[in-house]
Amino acid sequence: MSQLVTAQKRKYRWNERRRTLISAVGAAILLASIGLGSWLLGSSGLSVQLENRNLAPSLSHLFGTDWLGRDMLSRTVKGLALSIKVGLLGAACSVVIAAIMGLMAATLGKTADRIITWLIDVFLSVPHLVMLILIAFVCGGGLKGIAIGIMLTHWPSLARIIRAEALQLMSAEYVLVARKLGRSRYHVASRHLAPHLFPQLLVGFLILFPHAVLHEAAITFLGLGMSPHQPAIGIILSESMRYLSTGMWWLAVFPGIGLLVTVRAFDKLGNHLRQLVDPRSTHL
C-alpha cells in the first residue's frame, strides 16, 4: 500500500513538473513575443492616419484601425508591453517589501511582530482597489503613481505567508544553534531564513504579477492612470466603449483577449509552481 502511495506521489510530482515546464515555456514565449513585437512595430502604427480610420480587421491591418486611423495591432502590443513593465515592477517591489516585513516580524521580537501584523491587517481591511486609487492619486497619478500604488498594496498577503514560514524556521535546530553562537539577527535572516523562503517568494511574484497587470488596466480604464495618448490597455478598452454600439467590435475584442491571455498564462504558471513547491498541495 505504501509503495502504491509513493508511486502515485512520484507520478503526481512528475506531472506537475511537466505542467510547470510547459507553462514556463509558454509564458516566456509570450513575454518574448510581446517585447519583440513592441520593438519591431515601432511607433509608426501609433500615428494618426485619418484616411485609414475605422477599418475592420484585414491583411493590411490584422486588428483593424481606430477612429483616428491608428493601427490596433501596434496599440495592443505596445499596451501589453507597457502593462507588463508596470506589472513586473510592481510585483517585484511588492515581493521585496513582503520579504522584508516577514523577516522583520520573525526576527526582531514580539513588539516588531505586533506592529507589522497590525500594519498587514490595516492594509487588508481596506478594499484593494480603493487603496490603490488613493495611493496613485496622492502620488500624482500617471505611470509613477500607478507603479507606487501597486507596490504598496500587493505585499500584505504575501508578507503574512512569509512571516508564518519564517516563524516556523526560527524554531529549527540550525537556527537555534546559530543564535546560541552569537550570530546577529541580520545574519540569521539573510543566511538561514532567506534561502529557504526564496521558493515562496518566487511563487508569490508569479501570482502577484497578473494581479498587478489587471489592476494597472483597471486604474487606467477608470481614467486615473496614464495620459490618454499613451497606448495602455485600460485606456484602449475605455476609449473603445464609445464605439462598440457602432459595430467597431475589434477595438475592444483584440486588446481584451490579449490582456486575458497574458494574465491567464502567468496565473497558470504561478499555480503550477505553487503546487510543485508546496508538498502539502498533493493531497495524497
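Above this text is the structure in question.
Positions within a chain are numbered from 1, following the residues in the order the chain's sequence is written. Given that this is a predicted model, residues contribute local features only at a pLDDT of at least 70 and side-chain atom pairs are listed and counted only at 80 or more, while totals for whole chains, interfaces and linings are drawn from all residues. For the side-chain quantities, the full set of heavy atoms in the structure was used; hydrogens and water were omitted.

What to know about the environment of Thr-117
Here is step 1: Here a strand is any run of E in DSSP of at least two residues, a helix any run of H or I of at least four, and the numbering for each starts at the N terminus. Along the chain, Thr-117 turns up in helix α3 (residues 110-125).
Here is step 2: Along the primary structure Thr-117 and Met-101 are separated by 16 residues, whereas in three dimensions their C-alpha atoms are 9.2 Å apart.
Here is step 3: Distance and chemistry together define a polar contact, namely a pair of N or O atoms within 3.5 Å, with one atom able to donate a hydrogen and the other to accept it when in protein, and with adjacent residues in sequence counting only for side-chain atoms on both sides. There is a polar contact of 3.5 Å between the side chain of Thr-117 and the side chain of Arg-163.

Observations regarding helix α6 (residues 156-170)
Here is step 1: The length a helix should cover is 1.5 Å for every residue beyond the first. Helix length check: α6 (15 residues) gives 21 Å between terminal C-alpha atoms against 21 Å at 1.5 Å per residue, within 8%.
Here is step 2: Each residue is assigned to one of three classes by its accessible area relative to the maximum for its type, calculated with a 1.4 Å probe on protein chains only: buried under 20%, partly exposed between the two thresholds, exposed over 50%. Along α6, the residues that are buried comprise Pro-156, Leu-158, Ala-159, Ile-162, Glu-165, Ala-166, Leu-169 and Met-170.

Details of the packing of aromatic side chains
Here is step 1: Only centres within 6.5 Å qualify two rings of Phe, Tyr or Trp (six-membered ring in Trp) as a pair; their planes then separate them into stacked at under 30 degrees, edge-to-face at over 60, and tilted for everything else. Applying the stated criterion across every chain yields a total of 6 aromatic pairs.
Here is step 2: On the numbers, 5.8 Å between centres and 50° between planes, the contact of Trp-249 with Phe-254 is tilted.
Here is step 3: For Trp-249, a relative accessible area of 43% translates into the label partly exposed.
Here is step 4: An aromatic cluster of at least three residues, connected via ring pairs, comprises Phe-63, Trp-249, Trp-250 and Phe-254.
Here is step 5: The ring centre of Trp-67 lies 5.6 Å from the NZ or CZ of Arg-70, which sits over that ring.
Here is step 6: Over the face of the ring belonging to Trp-67 we find Arg-242, whose NZ or CZ atom lies 6.0 Å from the ring centre. Placement of a positive charge over a ring is assigned whenever Lys NZ or Arg CZ falls within 6 Å of the ring centre and within 35 degrees of the normal to the ring plane.

Some remarks on the packing of helix α4 (residues 128-138) against helix α8 (residues 185-221)
Here is step 1: Running from N to C, α4 and α8 point in directions that differ by 65°, and their axes come no closer than 11 Å. In terms of crossing hand, the pair formed by α4 and α8 is right-handed. Contact residues: α4 offers His-128, Leu-129, Leu-132 and Ile-133, while α8 offers His-215, Ala-218 and Ile-219.
Here is step 2: Here the contact of α4 with α8 is composed, by residue class, of 5 nonpolar, 2 polar and no charged. As a rule, the C-alpha atoms of each element are fitted with a line to give its axis, helices using only the stretch in contact, and angles between N-to-C directions run from 0 to 180 degrees. Left-handed describes a crossing in which the near helix is turned anticlockwise from the far one by less than a right angle; the clockwise case is right-handed. Any two residues whose heavy atoms approach within 4.5 Å at even a single point are treated as in contact. Each residue gets one label: Ala, Val, Leu, Ile, Met, Phe, Trp, Tyr, Cys and Pro are nonpolar, Asp, Glu, Lys and Arg are charged, and the others, such as Gly, are polar.

Describing a nonpolar patch on the surface
Here is step 1: Here a patch means residues that are over 30% exposed by relative accessible area and free of salt bridges, tied together within 9 Å if like-charged and within 5 Å if nonpolar (Val, Leu, Ile, Met, Phe, Trp, Tyr). All accessible-area figures derive from a Shrake-Rupley calculation using a 1.4 Å probe, and residue coverage is judged against the displayed protein chains alone. Every case where a carboxyl oxygen of Asp or Glu lies within 4 Å of a side-chain nitrogen of Lys or Arg is listed as a salt bridge. Where nonpolar side chains cluster on the molecular surface, the patch consists of Leu-129, Phe-221, Leu-222, Leu-224, Met-241, Leu-244, Trp-249, Val-253, Ile-257 and Val-261 and spans about 820 Å² of accessible area.
Here is step 2: Ranked by residue count, the leading element in the nonpolar patch is helix α10 (residues 250-277), at 3 residues.
Here is step 3: Judged by relative accessible area, Leu-224 falls into the partly exposed class, the value being 38%.

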